[in-house]
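What follows is the residue order along each chain.
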Amino acid sequence: LAALAQAVIEKHKPAESCQIICAIDARMGEYYMGRYIVRSGLVFAVTNDSLLRPEEVMLWLDNKSPRAAQPDAVKNSVLAGNLALQPPFGEINWMRVDADSVALARHLLPLAQTKWQTGEYTAAELAQPVYLRGKPAWKTIAQGAQGKAG
């Protein structure tokens, strides 16, 4: 999600302090969501990335980002991702919507360089993957497979 937000910076050159909300289809009726802010040409996470069900999205946006009911605040937000034109996202009056940007490895390089320079990194042998889905998704997948087999 951070790489996608960084791709938006490269493509649109948003203003300092612009918010970038990333929304990507996570399958199984859920969305990966992230909120970032632009500082000196880089994105910085405002919140931890989240995995949300559709009914949770508007509440998450209310708490994390402006809605159409607050047009003055919305003028400084960009929505990016493959869900950008679908409800509920398409119902919000964003400053800009970008449904076409793609996260590439090169978009992670400036973020990694900053982490390296500030000492915010983990030795490769100690690195652990971070799963937004966690155990409930594996349980859901296993239950689905059992239902099909029976």
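What counts as what
- Residues numbered from 1 in each chain as written.
- Predicted model: local features only at pLDDT ≥ 70, side-chain atom pairs only at ≥ 80, totals over all residues.
- Heavy atoms only, no water.
- Phe/Tyr/Trp six-rings, centres within 6.5 Å; stacked < 30°, edge-to-face > 60°.
- pLDDT = per-residue confidence, 0-100.
- Contact = heavy atoms within 4.5 Å.
- Helix = DSSP H or I, 4+ residues; strand = E, 2+ residues; numbered from the N terminus.
- Buried < 20%, exposed > 50% of the residue type's maximum accessible area, 1.4 Å probe, protein only.
- Core = buried A, V, L, I, M, F, W, Y, C linked by side-chain atoms within 4.5 Å.
- Polar contact = N/O pair within 3.5 Å; in protein donor to acceptor, adjacent residues only side chain to side chain.
- Pairing = 2+ DSSP bridges.
- Axes fitted to C-alpha atoms, helices over the stretch in contact; angles between N-to-C directions.
- Parallel < 35°, antiparallel > 145°, perpendicular 65-115°, else oblique.
- Nonpolar A, V, L, I, M, F, W, Y, C, P; charged D, E, K, R; others polar.

## Some details on the packing of aromatic side chains
In total, this model carries one aromatic pair according to the counting rule given. Between the aromatic rings of Trp116 and Tyr121, the centroid separation amounts to 4.5 Å while the plane-to-plane angle is 25 degrees, which identifies the pairing as stacked.

## Re the confidence of the model for the protein
Mean pLDDT for the protein: 79, with 75% of residues reaching 70 or above. Across residues 66-74, confidence stays below pLDDT 50; counting only partners more than four residues off in sequence or on other chains, it has 17 contacts.

## Comments concerning unusual backbone geometry
Phi is positive for Arg27, which is not a glycine, with a value near 65 degrees. For Ser40, which is not a glycine, the phi torsion comes out positive at approximately 55 degrees. Along the chain, the position of Ser40 falls in the loop between strand 2 (30-39) and strand 3 (42-45). Among the residues examined, Ser40 registers a relative accessible area of 66% and is labelled exposed.

## Concerning the nonpolar core
Among the nonpolar cores identified, the biggest contains 14 residues, and Ala5, Ile20, Cys22 and Val43 are the most heavily contacted of them. Counting only elements with at least two residues in this core, the list comes to helix 1 (2-12), strand 1 (19-27), strand 2, strand 3 and strand 5 (77-80). Not counting residues within four places of it along the chain, the set of residues in contact with Cys22 comprises Leu1, Leu4, Ala5, Tyr32, Met33, Gly34, Tyr36 and Ala80. Grouped together as the second largest cluster of nonpolar side chains are 13 residues, Ala23, Met58, Leu61 and Phe89 included.

## Comments concerning the environment of Gln6
Mapped onto the secondary structure, Gln6 falls in helix 1. Overall, Gln6 belongs to the buried group, its relative accessible area being 6%. Along the primary structure Gln6 and Val38 are separated by 32 residues, whereas in three dimensions their C-alpha atoms are 8.9 Å apart. Excluding anything up to four places from it in sequence, Gln6 contacts Gly41, Leu42, Val43, His107, Pro110 and Leu111. Only 3.1 Å separates the side chain of Gln6 from the backbone nitrogen of Val43, close enough to count as a polar contact.

## Things to note about the pairing of strand 2
A large share of strand 2 lies buried, amounting to eight of its 10 residues. Bridging between strand 1 and strand 2 involves eight bridges; their strand directions are antiparallel. Across the sheet, Asp25 pairs through a bridge with Tyr31, a residue of strand 2. In this structure, the hairpin formed by strand 1 and strand 2 is closed by a connection of two residues, where Met28 is found at a positive phi of approximately 50 degrees. As paired strands, strand 2 and strand 3 are joined by four bridges and run antiparallel to one another. Opposite Val38, over in strand 3, you have Val43 as the bridge partner. In sequence, strand 2 turns back onto strand 3 through a hairpin of two residues, with Ser40 there showing a positive phi of about 55 degrees.

## Examining the packing of helix 1 against helix 4 (residues 105-117)
Contact pair helix 1 / helix 4: the axes reach a minimum separation of 8 Å and the direction vectors enclose 95 degrees. Classified by the angle their axes make, helix 1 and helix 4 are roughly perpendicular. Here helix 1 contributes Ala2, Ala3, Gln6, Ala7 and Glu10 to the contact with helix 4, which in turn contributes Arg106, His107, Leu108, Pro110 and Leu111. Split into classes, the residues belonging to the contact of helix 1 with helix 4 amount to six nonpolar, two polar and two charged.

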